[in-house]
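The lines below spell out each chain.
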Amino acid sequence: MGGYASFVTTTDSGIDRARALDADDPLARFRERFAPTEPGLVYLDGNSLGRPTKAARERIRTIGDVWASDLVRGWDRWLDMPLRVGDLLAAGVLGARPAEVAVTDSTTVNLYRLAVAALEARAGRRAIAIARPEFPTDRYVVEGLARERDLEIRWLDADPVDGPTAADLEPVLDSNLASVVLSHVNYRSAAIADAPAITNLAREAGALVLWDLSHSAGSVPVELEGWGVDLAVGCTYKYLNGGPGAPAYLYVRRELQDELRPPIQGWFAQREQFEMGPRFERADRIRGWLTGTPGILGLTGAQAGIEVVAEAGIAAIRAKGVALTEYAIELFDAWLAPLGCTLGSPRDSDRRGAHVAIRHADGRRLTSERVARGVIVDFREPDVMRFGLSPLTTSFEEVHRGVAALAAAVRPSPAPRPDGRATRRGIGSRAARCRRPG
Ligand SMILES: Cc1ncc(COP(=O)(O)O)c(C=O)c1O
């Protein structure tokens, strides 16, 4: 736990302890690398949109100047950006080798492209598997592919808090299964899937797993090469702080890059792009998976965010992510569980990413009320309030204030005392049961 060890030795839930944890935080200096927001804002939604780096704002401004001065000549320096930023992401965040990652397009588009390539590589097989609690776009893409290609969908009945696990995969494995689509960290519960075990299990059955890393890259360790992962996609606007609509990425393991065929043959994947030849000849390695003209402003934001994550290092980021979520859960146990809220994330920190899901039947209202008062969390149907704790930008004081604000809203008064001690109708009291509609 490094510099965060002190919090497990005490049950003091006062704000002074949060401030002490911030004072001891080895990553605290990285908060300076991000653009400031309005004073007092509690931002716990970096798992939806990460905060902007100062470097991104500066460089995006500069791109405007380069565009104005260099005009089309600017492409001399921009053309390879999807690959350059891909290599940076591969080395600094994903544990992948050079020329295995490209930063391009959206996660949805990349997911579709890699899923098609996987299905075609296993053309005799007629089934595709996905977990029921999977992110909507992943499910929709799989459903669309199944309709288009007349495939059977095999739904993994994973536990909504702890799943999916390798055991959930076993019942769907057979010689007819072509591919499996799964998130490494689940968007609702933050449960971490055992990527190496699941990848191996599927491979033994002859199927290719396509991982969605949107909630893991930049928050938990990812070792694509070490885990033997074949295919992966993810976004850069969450824990990689790329900015709204910043391009996503795709990863194709080097050994599969020739065997698999991209379904979109765009001119950026053409071997000699500017010869404008009559036929498509796919470029080698990950370049052959590009499509069309990249969005340079978005790539610039993504590059700046990835650089900061790589500099801080995933080990330090993970240590703080564990400490932040443990702290949030400790406050949850003290203040929110007695009010009838339930935890929608795994309790075991080894199985939990960097957000904490808190469930309450009135979650939608509670979320919008908190947002209106400057505590930004988000809500996911049917009852989940997500507290996104971005290790590079979230402070322990923000966690304290965010959980305290929710406790005050579930039971409007009295609020938890700043010294953390129970109030008269406080912690554990029956009178403190949360209000439920109807
Ligand atoms: C797990 C996951 N996959 C995919 C997406 C959507 O990606 P995009 O909008 O870039 O296609 C999200 C967005 O939040 C997500 O959380």
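Residues numbered from 1 in each chain as written. Predicted model: local features only at pLDDT ≥ 70, side-chain atom pairs only at ≥ 80, totals over all residues. Heavy atoms only, no water.

*Asks:* I'm lost on the overall build of the chain in this one. Help?
*Replies:* When helices and strands are tallied, the chain shows 13 helices and 13 strands. Here the chain has a C-alpha radius of gyration of 23 Å; the compact-globule value for 438 residues is 22 Å, and the two agree. Viewed in the frame of its principal axes, the chain has a C-alpha envelope of about 80 × 55 × 40 Å. When burial is assessed residue by residue, the chain has 57% of its 438 residues classed as buried. (Helix = DSSP H or I, 4+ residues; strand = E, 2+ residues; numbered from the N terminus. Rg over C-alpha atoms; globule rule 2.2 N^0.38 Å. Buried < 20%, exposed > 50% of the residue type's maximum accessible area, 1.4 Å probe, protein only.)

*Asks:* What is the right way to read the pairing of strand E4 (residues 152–156) from this model?
*Replies:* For a regular strand, side-chain orientation follows a simple rule: the groups alternate between the two sheet faces. Both strand E3 (residues 127–131) and E4 contribute to a ladder of five bridges, which runs parallel. When the bridges of E4 are listed, Ile128 appears paired with Ile153. In this view, the connection linking E3 to its parallel neighbour E4 by way of helix H6 (residues 136–149) has right-handed handedness. (Pairing = 2+ DSSP bridges. Right-handed = clockwise from strand over helix to strand, strands pointing away.)

*Asks:* Where do I start with the nonpolar core in this structure?
*Replies:* One recurring pattern in soluble globular proteins: nonpolar side chains tend to sit buried together. Counting 53 residues, the largest nonpolar core has Leu89, Val93, Leu94, Trp211, Leu224, Tyr249 and Leu392 as the members making the most contacts within it. Examining the composition of this core, we find that seven residues originate from one element, helix H10 (residues 296–312), more than from any other. Residues from two domains meet in this core; each of domain 1 (2–33 + 314–430) and domain 2 (56–311) gives at least three. Those residues within four positions of Trp211 in sequence are excluded, and the remaining contacts are Leu182, Ser183, His184, Ala193, Ala195, Ile198, Thr199, Val229, Leu231, Ala232 and Val233. Val42, Leu343, Ile358 and Leu389 belong to the second-largest nonpolar core, a separate cluster that totals 36 residues. (Core = buried A, V, L, I, M, F, W, Y, C linked by side-chain atoms within 4.5 Å. Domains from an automatic or database assignment. Contact = heavy atoms within 4.5 Å.)

*Asks:* What should I look at first to understand a negative patch on the surface in this one?
*Replies:* Together, Asp159, Asp162, Asp348 and Asp350 line one region of the surface with negative charge. One can find Asp348 in the loop between strand E9 (342–343) and strand E10 (355–359). Given a relative accessible area of 41%, Asp348 falls into the partly exposed group. (Patch = residues over 30% accessible without salt bridge, like charges linked within 9 Å, V, L, I, M, F, W, Y side chains within 5 Å. Areas by Shrake-Rupley, 256 points an atom, 1.4 Å probe, with all protein chains shown as cover. Salt bridge = Lys/Arg side-chain N within 4 Å of Asp/Glu carboxyl O. Lys, Arg positive; Asp, Glu negative; His and termini not counted. Charge placed at Lys NZ, Arg CZ, Asp CG, Glu CD.)

*Asks:* What should I look at first to understand a nonpolar patch on the surface in this one?
*Replies:* Together, Trp67, Leu71 and Val72 make up a nonpolar patch on the protein surface, roughly 390 Å² of accessible area in all. Here Trp67 is to be found in helix H2 (residues 54–70).

*Asks:* Just to check I follow, could you spell out helix H8 (residues 195–204) for this structure?
*Replies:* Helical geometry note: an α-helix holds 3.6 residues per turn, so side chains three or four residues apart project in the same direction. Looking only at H8, the buried set comprises Ala195, Ile198, Thr199, Leu201 and Ala202. Buried positions in H8, seen along its axis, are confined to an arc of 165° and lie on one side of it. The backbone nitrogen of Ala197 lies 3.2 Å from a side-chain oxygen of the residue at the head of H8, namely Asp194. Positive phi shows up at Gly206, right after H8, with a value of about 85°. (Arc of directions from axis to C-beta. Polar contact = N/O pair within 3.5 Å; in protein donor to acceptor, adjacent residues only side chain to side chain.)

*Asks:* It is not clear to me how the site of the ligand should be interpreted in this structure. Could you clarify?
*Replies:* Residues in contact with the ligand, as listed here, are Ser106, Thr107, Thr108, Phe135, Thr137, Asp138, Ser183, Asp212, Ser214, His215, Tyr237 and Lys238. In the model, an oxygen atom of the ligand is placed 3.0 Å from a nitrogen or oxygen of the His215 side chain. When isolated, the ligand has an accessible area of 400 Å², and the protein chains bury 84% of it. Looking at the shell around the ligand, the elements with two or more residues in it are helix H5 (107–121) and H6. A per-class count over the shell around the ligand returns two nonpolar, seven polar and three charged. (Near = heavy atom within 4 Å. Nonpolar A, V, L, I, M, F, W, Y, C, P; charged D, E, K, R; others polar.)

*Asks:* Is there a simple way to think about the side chain of Arg154 in this case?
*Replies:* You can see Arg154 is positioned in strand E4. What makes Arg154 buried here is its relative accessible area of 11%. Within the structure, the side chain of Arg154 is placed 2.9 Å from the side chain of Asp174, a separation counted as a polar contact.

*Asks:* Explain the confidence of the model for the chain to me, please; I cannot follow it from the model alone.
*Replies:* Atomic detail in the predicted coordinates should be set aside for any region of low pLDDT. Looking at the chain, pLDDT values average 91 and 91% of them are 70 or higher. Below pLDDT 50 for its whole length, residues 6–10 participates in ten contacts with residues either more than four positions away or in separate chains. The model gives residues 422–438 a pLDDT under 50, and that stretch makes 38 contacts with residues more than four places away or in other chains. (pLDDT = per-residue confidence, 0-100.)

*Asks:* When you look at the sheet that holds E9 in this model, what are you seeing that I'm missing?
*Replies:* Backbone-to-backbone hydrogen bonds pair the strands of a sheet. The strands run either parallel or antiparallel. Pairing is antiparallel in the open sheet, where four strands are placed in the order E9-E10-E13-E12. Strands at the two margins of the open sheet, each flanked by one partner only, are E9 and strand E12 (378–380). Here E10 pairs with strand E13 (residues 384–388) via five bridges, running antiparallel. Paired with Ile358 across the strands is Met385, a residue of E13. Where helix H12 (residues 363–372) meets the sheet, its contacts fall on E12 and E13, and the angle it forms with E12 comes to roughly 165°. (Axes fitted to C-alpha atoms, helices over the stretch in contact; angles between N-to-C directions.)

*Asks:* Whenever I open this one, the environment of Asp24 confuses me. Can you help?
*Replies:* With respect to the helices and strands, Asp24 occurs in the loop between helix H1 (15–23) and strand E1 (42–43). On the basis of relative accessibility, which here comes to 46%, the residue Asp24 falls in the partly exposed class. When the C-alpha atoms of Asp24 and Pro382 are compared, they prove to be 37 Å apart, with 358 residues separating the residues in sequence.

*Asks:* I'm lost on the sheet that holds strand E7 (residues 231–234) in this one. Help?
*Replies:* Strand order in the open sheet made by the seven strands is E2-E8-E7-E6-E5-E3-E4, with mixed pairing throughout. Edge positions in the sheet fall to strand E2 (101–103) and E4, since each of these pairs with one other strand and no more. Between one strand axis and the next, the sheet turns by 15° as a mean value, whatever way the strands run. Here E7 runs beside strand E8 (residues 249–252); their pairing, made up of four bridges, is antiparallel. Paired with Gly234 across the strands is Tyr249, a residue of E8.

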